Amino acid sequence: MTGWWWLVLGTIAIVASTIAFSQLSPFGGGKLLPVDQRVLEGLAQLRTPVLTRAMVVVAALSSQWVIAALGWATILVLLAVRRFRHLLVFLGVALLIHAITSSLAYGMLDKLSALRPPGIAMLGPAGLSAYPVLSLATLTGRLVSMLYCLVPQGRRRQAGKAVVAAIVALVALARLYLAVDTLTSVVVAIVIGVMIPLVAFRLLCPDEVFPVTYRRGRSAHLDVGGRRGEAIRRALHDQLGVIVEDVQPFGWEGSAGSTPLRIKVKGEEDAWLFAKLYARSHLRADRWYKFGRTLLYGRLEDEKPFNTVRRFVQQEDYALALMQRAGIPSPEPYGVVELTPEREYLVVCEFLDGATEISQAPVDDAIIDQGLETIRKLWEAGLAHRDIKPANLLVRDGKLYLIDVFFTESAPAPGARGWIWPTCCWSWPCAATLRVFMSGPCASSPSRRSARRSRPPAA
C-alpha cells in the first residue's frame, strides 16, 4: 500500500507544483511563498564561514558528475550480476525522472527571478542553482533506484532506506542553507524522486518474483520459501487434493533448466511427490539455449522456442504421458499445477524413492540390457528422448528408470539418435561407454491423445 500512497502523493505534487509555478508571477507578485521566505531567512541567520564551507561540500553531492558516477556504477554492477530486468527498469526510471523534472524546470525559466530569495545571498557554485527540483529529484531517484536494484530485501534494505533518507535530508538542508532551493521545490523534488522508482520497481520487479540476491548457485533455481512456498502448498491442495507437509529442494546440482522439488504428502507413510517448478526465467533460459544450440549445430527437426510458461510445462507433462503409454520405465505423471497464471507452474509426477543415479550405482549386464530395451521401446513408439545422460538415468532395486523427458520428440525425423552414457561402465570390461544409435524410418507414431492420469497419493 505504501507504493500506492507514494503514487498518489507524487501525482498531487507534480500537478500542484505545475499549477503553482505557472501562476507564480501573476498571483504571487513575483515573491516567494511566505513559508519558503521564512525558512530561508531563518537558515540565513545561522550562517558562519565554517558551516558554509561544509554545506557547500554537502550540496555538491547533488551535482551532475556525482549522479552520473552513481548511475554508471549501478549499471556495471547489474551487468556483472546479469540482472537485466532491474537494469532496464533502472534506466527507464532515470529517463522518466529527468523528463518530468526537466519539464518543470524549463517551464520555470521565465519565472526564475520570482523564485530567487530577495535579500538573501545565494552561496556556493552557480551550477547548484541552475534549475529548481531537477538536481535533488535526480539524486533522490538515483539513490532509491540503487536501493531496489542492489540491496536484498530485508534488514539490509530497511537500513539502506534510513541511510538514503539521511543523505537526501542532509543534501536538502544544505541547499536550503545556501538558498539554492526553496522548501516547496525541495518537497516536490523528494516526492518525485521517491515515488517513481518505488512504484516502478514494485510493479515491474517485485521481490517475490525477481529477488535481489548474491548467493552463488544456478540462476535457474528459485527460492521455494516464504510466499512462494505457501502458494505451492495451497495450489497442490486445491488442484490435486493433497496436503503438503514439506517442500524440499532436490537434485539441483544436476538441473539447470528448472527448480526440482521433493514434496512430502500427508497421509501415507513416506509418501513423496516429485515436482519441477517452471517460471518465466526458465522460459527465457530455454530460448537462449535453443538459440545458441542452433548457431552451433543447427535446429533439431522443427523445434521452436516456447512462447508461454503454460506451453512450456504442458510439453513435459505430455511427454511423461507418452512415456507411460509406450511402456517406458519412467515416473508416473500426476498433472500440472498452476501457481501464478502465465508465470509459474509445477509439473508433478511420481517420486522414485530410493533410486540412485546410474553413475553412483553398480552397472551389470542386466542394467545394460534394460538400457538397450528402453532405447528399443523408444524407437518402436516413435520417440526420441534427446537428453539421455547419467543424471537422467536412475536405478532402483535393479530396475533402470528414464527421467527428465522434457526434450522428448515425437515421431522424430530419420537419423535421430538416442544416447545412453553410463559413466560407471568401467566396471564392465571393454565398455567404457555404451552408445546406442538409432537410424532408419520410424516404426510408428503415437497418437496425440493424452494418457489417463492417476491420482497422487492422497491423505
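Up top is the structure.
Residues numbered from 1 in each chain as written. Predicted model: local features only at pLDDT ≥ 70, side-chain atom pairs only at ≥ 80, totals over all residues. Heavy atoms only, no water.

**Points about a positive patch on the surface**
Reasoning step 1: A grouping of Arg85, Arg280, Arg284 and Arg287 is seen on the molecular surface, where their side chains present a positively charged patch.
Reasoning step 2: A per-element tally of the positive patch places helix H12 (residues 280–297) first, with 3 residues.
Reasoning step 3: Checked against the element boundaries, Arg284 lands in helix H12. (Patch = residues over 30% accessible without salt bridge, like charges linked within 9 Å, V, L, I, M, F, W, Y side chains within 5 Å. Areas by Shrake-Rupley, 256 points an atom, 1.4 Å probe, with all protein chains shown as cover. Salt bridge = Lys/Arg side-chain N within 4 Å of Asp/Glu carboxyl O. Lys, Arg positive; Asp, Glu negative; His and termini not counted. Charge placed at Lys NZ, Arg CZ, Asp CG, Glu CD. Helix = DSSP H or I, 4+ residues; strand = E, 2+ residues; numbered from the N terminus.)

**What to know about helix H14 (residues 365–380)**
Reasoning step 1: Over its 16 residues, H14 extends 22 Å from the first C-alpha to the last, a length consistent with the 22 Å expected when each residue adds 1.5 Å.
Reasoning step 2: Within the sequence span of H14, burial applies to Ile367, Ile368, Gln370, Gly371, Thr374, Ile375, Leu378 and Trp379.
Reasoning step 3: Looking at the buried side of H14, the elements it contacts are helix H13 (309–325), strand E7 (383–384), strand E8 (393–396) and strand E9 (399–402).
Reasoning step 4: Remark: Gly382 follows H14 within two positions and exhibits a positive phi of approximately 75 degrees. (Expected span 1.5 Å × (residues − 1). Buried < 20%, exposed > 50% of the residue type's maximum accessible area, 1.4 Å probe, protein only. Contact = heavy atoms within 4.5 Å.)

**Observations regarding unusual backbone geometry**
Reasoning step 1: Backbone geometry places Arg82, a non-glycine residue, at a positive phi of 60 degrees.
Reasoning step 2: Residue Arg82 is classed as exposed on the basis of its relative accessible area of 62%.
Reasoning step 3: In the Ramachandran plot, Glu342 falls in the positive-phi region, its phi being about 60 degrees despite a non-glycine side chain.
Reasoning step 4: Position of Glu342 among the secondary structure elements: in the loop between strand E4 (333–340) and strand E5 (344–350).
Reasoning step 5: Given a relative accessible area of 31%, Glu342 falls into the partly exposed group.

**Details of the environment of Ile167**
Reasoning step 1: With respect to the secondary-structure elements, Ile167 resides in helix H9 (residues 155–177).
Reasoning step 2: Ile167 sits in the partly exposed class, given a relative accessible area of 32%.
Reasoning step 3: Note: C-alpha distance between Ile167 and Leu143 (24 residues apart in sequence) is 9.1 Å.

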